[in-house]
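The primary structure of each chain is shown beneath.
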Amino acid sequence: MKEVILTSSLLLMVVTTFAQLPKFTLGLKTGVNLATLKGNVGDEENRLGYQVGAFARVGGAGFYLQPEAYIGSKGGEFGSIRQDGTVYEGDAKVNFTTLDIPVLIGNKFGFEKLNFRIMAGPVVSFLLDKEAKKNYSVATNFSDYKDQTIGLQTGAGVDLGNLSVDLRYEKGLSNIDKSGQYDQKQNLWHFSLGYKLF
């Protein structure tokens, strides 16, 4: 009887130890962004964009670190624009293509093949390309943008087998206007679908 208890205890300890060991996951992701440039630039409207890239996840005991890298599109659309107390009528669109690198810390609940996650962390965005559309004379008043900005992402997700679904909100912390004349911050909603390669 003692041998059975001792063997069972050792087996339980081994299983518990392996369950706590860090696990590594690598995957691909794609999704859509709903972006707004918040600030004193007039009547802001949402812009629909995309994201495509990769993610890694390492952790144990329910906690994980998830760095990502993806190419995304974002920007802003303005109605009437205020400049030096003057209102300019007309639409202007600005599109950005960025390399985004978030580093998220999260916690997951559930099982290996079905779990729910919460996460938060900083994101650094590097400007790769910018484009002004529609009312060009108005949009170019806002074309002096920084090459790098910082934001904060927070959200939740679910894993279904190898599929990973996330919904996040990104709050811009940096004023993206290089001149400092306008206080513009990029805010986004992200919805993404990922696939774990291993």
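This text follows the structure it describes.
Keep in mind the model is a prediction, meaning the values are calculated, not measured.

Caption draft 1: Spotlight on the pairing of strand β11 (residues 185–196). As judged from the 12 bridges shared by strand β1 (residues 23–38) and β11, these two strands associate in the antiparallel manner. Of the residues in β11, the one forming a bridge with V32 is F191. One ladder, built from 8 bridges, connects strand β10 (residues 163–172) with β11; its direction is antiparallel. Looking at the pairing, D166 lines up with S192 of β11.

Caption draft 2: Examining empty space enclosed by the protein more closely. One pass over the structure, following the stated rule, counts 2 cavities of 30 Å³ or more. Looking at the largest cavity, it is lined by 19 residues, and the ones nearest its centre are K74, S125, T149, I176 and Q186. Only β7 (92–110), β8 (114–134), β9 (148–160) and β10 provide two or more residues apiece to the lining of the largest cavity. If one sorts the elements of the lining of the largest cavity by residue count, β9 sits on top with 4 residues. Of the residues in the lining of the largest cavity, the class split is 7 nonpolar, 8 polar and 4 charged. Of the pockets and cavities examined, the second largest cavity occupies roughly 50 Å³. Lining the second largest cavity we find K29, F55, R57, Q66, E68, S164, D166, R168, S192, L193 and G194. Contributing elements (two or more residues each) for the lining of the second largest cavity: β3 (47–60), β4 (63–78), β10 and β11.

Caption draft 3: How the structure looks around the environment of K130. Locating K130 in the fold gives a position in strand β8. Looking at K130, the relative accessible area reads 38%, which means it is partly exposed.

Caption draft 4: Local environment of the pattern of salt bridges. With the rule as written, the count across this model stands at 9 salt bridges. Between E68 and R168 there is a salt bridge, with its nearest N and O atoms 2.6 Å apart. Of this pair, E68 sits in strand β4 while R168 is found in strand β10, placing the two residues 100 residues apart along the sequence. This pair shows no difference in class: E68 is buried, exactly as R168 is. Beyond isolated ion pairs, a larger network of salt bridges with shared partners links K29, R57, E68, R117, D159, D166, R168 and K196.

Caption draft 5: Looking closely at the packing of aromatic side chains. Under the defined criterion, the tally for this structure stands at 3 aromatic pairs. Ring geometry for F24 against F198: centres 5.9 Å apart, planes inclined by 40°, an arrangement best described as tilted. With F24 in strand β1 and F198 in the segment after β11, this residue pair connects regions lying 174 residues apart in the sequence. The class for F24 is partly exposed, based on a relative accessible area of 48%. A relative accessible area of 54% means that F198 is categorised as exposed. With a centroid separation of 4.8 Å and 80° between ring planes, the pair formed by F96 and Y145 is classed as edge-to-face. Here F96, found in strand β7, pairs with Y145, found in the loop between α2 (136–139) and β9; they are 49 residues apart in sequence, far enough to count as distant. Across the pair, exposure class does not vary: F96 and Y145 are buried alike. Over the ring of Y64 we find R57; its NZ or CZ atom is 5.3 Å from the centre of that ring.

Reading guide: rules and limits
Residues numbered from 1 in each chain as written. Predicted model: local features only at pLDDT ≥ 70, side-chain atom pairs only at ≥ 80, totals over all residues. Heavy atoms only, no water. Pairing = 2+ DSSP bridges. Helix = DSSP H or I, 4+ residues; strand = E, 2+ residues; numbered from the N terminus. 1 Å grid on protein atoms, 1.4 Å probe; cavity = no way out; pocket = protein on both sides within 12 Å on 5 of 7 lines; lining within 4 Å. Points joined across faces, edges and corners; volume = space filled by probe spheres on them. Nonpolar A, V, L, I, M, F, W, Y, C, P; charged D, E, K, R; others polar. Buried < 20%, exposed > 50% of the residue type's maximum accessible area, 1.4 Å probe, protein only. Salt bridge = Lys/Arg side-chain N within 4 Å of Asp/Glu carboxyl O. Phe/Tyr/Trp six-rings, centres within 6.5 Å; stacked < 30°, edge-to-face > 60°. Lys NZ or Arg CZ within 6 Å of the ring centre and 35° of its normal.

Keep in mind these values describe shape, not function.
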